[in-house]
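Residue strings, one per chain:
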Amino acid sequence: MDQNTIDEGKTMGIIAYITFIGTIIAFVMNNDKKNAFASFHIRQMLGIILIGIALNIILRFLPLGSLGFYIGFLPLVLMVMGAVGASQGKLSKVPVLGDQFEEWFKTIG
């Protein structure tokens, strides 16, 4: 990916990590230009959102106590990591599931 594409998509990539609303805003902003860098970060954030939903469901039914409390922060940590990566112009995938998110959401962005 060339530096011009990264520079043009950096703002949208960062916005994508600002909650679900930010992801929608970045998606709409990227709908016209189809910037590959922004699309990558939108797909990664969609995966983080899925992780958050899954963890929310799981932690409601499993009494993990304080461990569950800390596990619940995983999506927030991944969002911060993604936003930092986007601000630095990096294509940093979510650990373990990042490749899967790219496959699942390849038509998005």
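Every chain begins its residue count from 1, and numbering advances along the sequence as written. Whole-chain, interface and lining totals are the exception, using all residues; otherwise, since this is a predicted model, local features are given only for residues with pLDDT of at least 70 and side-chain atom pairs are given and counted only at 80 or more. Hydrogens and water molecules were not included; the side-chain quantities draw on all heavy atoms of the structure.

Draft legend 1. Looking closely at the overall build of the protein chain. Helix and strand definitions here come from DSSP, where helices need a minimum of 4 consecutive H or I residues and strands a minimum of 2 consecutive E residues; each element is numbered from the N-terminal end. Of regular secondary structure, the protein chain possesses 6 helices and 0 strands. Ordering the α and β elements of the protein chain from the N terminus gives α-α-α-α-α-α. Two things to know: the radius of gyration comes from C-alpha atoms, and the globule rule equals 2.2 Å times the number of residues to the power 0.38. Scaling as 2.2 N^0.38, a compact globule of 109 residues should have a C-alpha radius of gyration of about 13 Å, and the protein chain matches this with 14 Å. Considered along the principal axes of its C-alpha atoms, the protein chain spans approximately 50 × 25 × 25 Å. Burial status follows relative accessibility: with a 1.4 Å probe on protein chains alone, a residue under 20% of its type maximum counts as buried, one over 50% as exposed, and anything between as partly exposed. Split into buried and exposed, the 109 residues of the protein chain put 37% on the buried side.

Draft legend 2. Summary view of helix 5 (residues 74-87). For a helix, the expected span equals 1.5 Å multiplied by the residue count minus one. Between its terminal C-alpha atoms helix 5 stretches 20 Å, which fits the 20 Å expected from 14 residues at 1.5 Å a residue. Residues Pro75, Leu78, Met79, Gly82, Gly85 and Ala86 constitute the buried set of helix 5. Viewed end-on, helix 5 has its buried residues packed into an arc of 130°, placing them on one side of the element. At the exit of helix 5 stands Gly89, carrying a positive phi of roughly 75°. What the arc describes is the spread of directions from the helix axis to the C-beta atoms.

Draft legend 3. Representation of the confidence of the model for the protein chain. Averaged over every residue, the pLDDT of the protein chain is 92; the share at 70 or more is 99%. Mean pLDDT in the protein chain bottoms out at helix 4 (residues 66-71), which sits at 83, and peaks at helix 5, which reaches 96. On a scale of 0 to 100, pLDDT captures the predictor's confidence in every residue.

Draft legend 4. The arrangement of the packing of helix 2 (residues 19-33) against helix 3 (residues 36-61) in detail. Contact geometry for helix 2 and helix 3: axes closest at 10 Å, N-to-C directions at 150°. One way to sum up the angle between helix 2 and helix 3 is to call them roughly antiparallel. Between helix 2 and helix 3 lies a crossing whose hand is left-handed. Each of Thr19, Phe20, Thr23, Ala26, Phe27 and Asn30 in helix 2 lies in contact with helix 3, whose residues at this interface are Ala38, Ser39, Ile42, Met45, Leu46 and Ile49. When its residues are assigned to classes, the contact of helix 2 with helix 3 shows 8 nonpolar, 4 polar and no charged. Lines fitted to C-alpha atoms define the axes, with helix axes restricted to the stretch in contact, and inter-axis angles between N-to-C directions lie between 0 and 180 degrees. For classification, angles of less than 35 degrees are called roughly parallel, those exceeding 145 degrees roughly antiparallel, those between 65 and 115 degrees roughly perpendicular, and all remaining angles oblique. Crossings are classed by handedness, with left-handed meaning an anticlockwise turn of the near helix from the far one by less than a right angle and right-handed meaning a clockwise turn. Only heavy atoms enter the contact rule, under which two residues are in contact if any of them lie within 4.5 Å. Side-chain classes follow a simple rule in which Ala, Val, Leu, Ile, Met, Phe, Trp, Tyr, Cys and Pro form the nonpolar group, Asp, Glu, Lys and Arg form the charged group, and the remainder, Gly included, forms the polar group.

Draft legend 5. Seen up close, the pattern of salt bridges. Any carboxyl oxygen of Asp or Glu within 4 Å of a side-chain nitrogen of Lys or Arg constitutes a salt bridge here. Summed over the entire model, instances satisfying the criterion amount to 3 salt bridges. Residues Lys93 and Asp99 are paired through a salt bridge, measuring 2.4 Å at the closest nitrogen-oxygen approach. Relative accessible area serves as the criterion here: at 43%, Lys93 is assigned to the partly exposed category. Accessibility expressed as a relative area gives 53% for Asp99, which makes it exposed. Put simply, Glu103 and Lys106 hold a salt bridge, and the shortest N to O gap is 2.9 Å. Of the residues examined, Lys106 reaches a relative accessible area of 54% and is grouped as exposed.

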